[in-house]
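# Residue-level structure breakdown
The residues making up each chain are set out below.
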Amino acid sequence: MTSRAPDWTAGLRSAPHICVLGGGFGGLYTALYLQRLVKRHGPDGRPPLRITLVEPKERFLFTPLLYEVITGELQPWHIAPSYGKLLGATAVQVRRALVQGVDLDRRLVSLDSGETLDYDYLVLAVGSRNRLAVDGAASHAQPFRSLADAELLNERLWELEASGRSSQIAVIGGGPNGIEIACKLADRLGDRTQIHLIDRGDRLLKTFSIGSQRAANRALAQRGVRLHLETGVEAIAADRVTLSQNGQPFDLPAD
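Okay, so let's go over this structure.

The rules behind these values
Residues numbered from 1 in each chain as written. Predicted model: local features only at pLDDT ≥ 70, side-chain atom pairs only at ≥ 80, totals over all residues. Heavy atoms only, no water. Core = buried A, V, L, I, M, F, W, Y, C linked by side-chain atoms within 4.5 Å. Buried < 20%, exposed > 50% of the residue type's maximum accessible area, 1.4 Å probe, protein only. Helix = DSSP H or I, 4+ residues; strand = E, 2+ residues; numbered from the N terminus. Contact = heavy atoms within 4.5 Å. Expected span 1.5 Å × (residues − 1). Pairing = 2+ DSSP bridges. Right-handed = clockwise from strand over helix to strand, strands pointing away. Salt bridge = Lys/Arg side-chain N within 4 Å of Asp/Glu carboxyl O. Axes fitted to C-alpha atoms, helices over the stretch in contact; angles between N-to-C directions.

### Description of the nonpolar core
Counting residues in each nonpolar core, the largest one holds 29 residues, and the members touching the most others are Ile-169, Val-171, Ile-179, Leu-185, Ile-195, Leu-197 and Leu-220. Among the secondary structure elements, those contributing two or more residues to this core are α2 (67-71), α6 (147-163), β8 (167-172), α7 (176-189), β9 (193-198) and α8 (210-222). Top element by residues in this core is α7. It accounts for seven residues. Sequence-distant contacts of Ile-195, that is, excluding residues within four places in its chain, are made with Ile-169, Val-171, Ala-182, Leu-185, Ala-186, Gly-224, Val-225 and Arg-226.

### Points about α7
Taking 1.5 Å as the rise per residue, α7 with 14 residues should run 20 Å; its terminal C-alpha atoms sit 20 Å apart, in good agreement. What α7 keeps buried is the set Gly-178, Ile-179, Ile-181, Ala-182, Cys-183, Lys-184, Leu-185, Ala-186 and Leu-189. The secondary structure elements touched by the buried residues of α7 are α2, α6, β8, β9 and α8. A positive phi of about 70° marks Gly-190, the residue just after α7.

### Focus: the pairing of β9
A large share of β9 lies buried, amounting to six of its six residues. Every second residue of β9 is oriented toward a common face, with Thr-193, Ile-195 and Leu-197 on one face and Gln-194, His-196 and Ile-198 on the other, all of them buried. Looking at chain direction, β8 and β9 are connected through six bridges and run parallel. What sits directly across from Gln-168, in β9, is Gln-194. Chirality of the crossover, the property in question, places the unit of β8, α7 and β9 among those that are right-handed. As defined by bridge partners, β9 adjoins strand β10 (residues 226-228) across three bridges and the pair is classed as parallel. The partner of Ile-198 across the bridge, within β10, is His-228. Where the polypeptide runs from β9 across α8 and back to β10, its parallel neighbour, the crossover connection is right-handed.

### What about the pattern of salt bridges?
Under the counting rule described, the total for this entry stands at 10 salt bridges. A salt bridge links Glu-73 to Lys-184, with the shortest nitrogen-to-oxygen separation between them at 3.0 Å. Linking Glu-73 in the loop between α2 and α3 (76-79) with Lys-184 in helix α7, this pair joins segments that are 111 residues apart in sequence. Using a relative accessible area of 18% as the deciding quantity, one classes Lys-184 as buried. With a shortest N-O distance of 3.0 Å, Arg-240 and Asp-239 are connected by a salt bridge.

### Observations regarding the sheet that holds strand β13 (residues 248-253)
The three strands lie next to each other as β11-β12-β13, forming an open sheet whose pairing is antiparallel. Lying at the two open borders of the sheet, with one neighbouring strand each, are β11 (232-236) and β13. Pairwise comparison of adjacent strand axes, ignoring direction, gives a mean angle of 30° for this sheet. In this structure, strand β12 (residues 240-245) lies alongside β13, joined through six bridges in antiparallel fashion. Bridge assignment links Leu-243 to a residue of β13, and that residue is Phe-250.

Such coordinate-based values are descriptive only and should not be taken to indicate function.
Here's what the structure looks like:
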């Protein structure tokens, strides 16, 4: 027995309007999926869908490849295509604006441009923000979630390379991005720099396959990256990170 997708147009006299707030992975892929439904309606006289994507940025960022920008393997435009290019051949309308508010009772979305969008269905895909809750993180840590972050990190790496001195770098977070950037930094900076990878878990990539975990550990070991598992971060200063293992704090020098 096969399941059928719900008919969202049932009972509607005009084209139902679906408003998607946020153009990250969730919002963009939802809009592209809904675009496929547009092609399924209309031939029998039923109204097609209208889809609007609201996103303040001009470009979509493919964050899994962000680390390759700092190694020069990819240029920013390779991983940040414009929404116009991605959606130009579809029926999805893009509004480049910030959401000021949502009236759920009246089904209205207010934008900072002064425009108000009405909708029949609303998709909230606005993502998350960095929470730099660790003491000193806002002043001394380098986030890595945007092209601006990658550019700033590149500048700091150039300064470090130009100095000619030995250094230590701490990467906090042993997920896929943390592992990739730790390896790429080790490749770029060579023997003059010691890379430390810090994670709270008892092993890397816990939700991934055993093969992926072994490959990650092998890649880190081959590059001399020092792994600190079951380790929390208590504070960050300009020249060190205060860590905690088994309830015992200790300082790790870090540039």
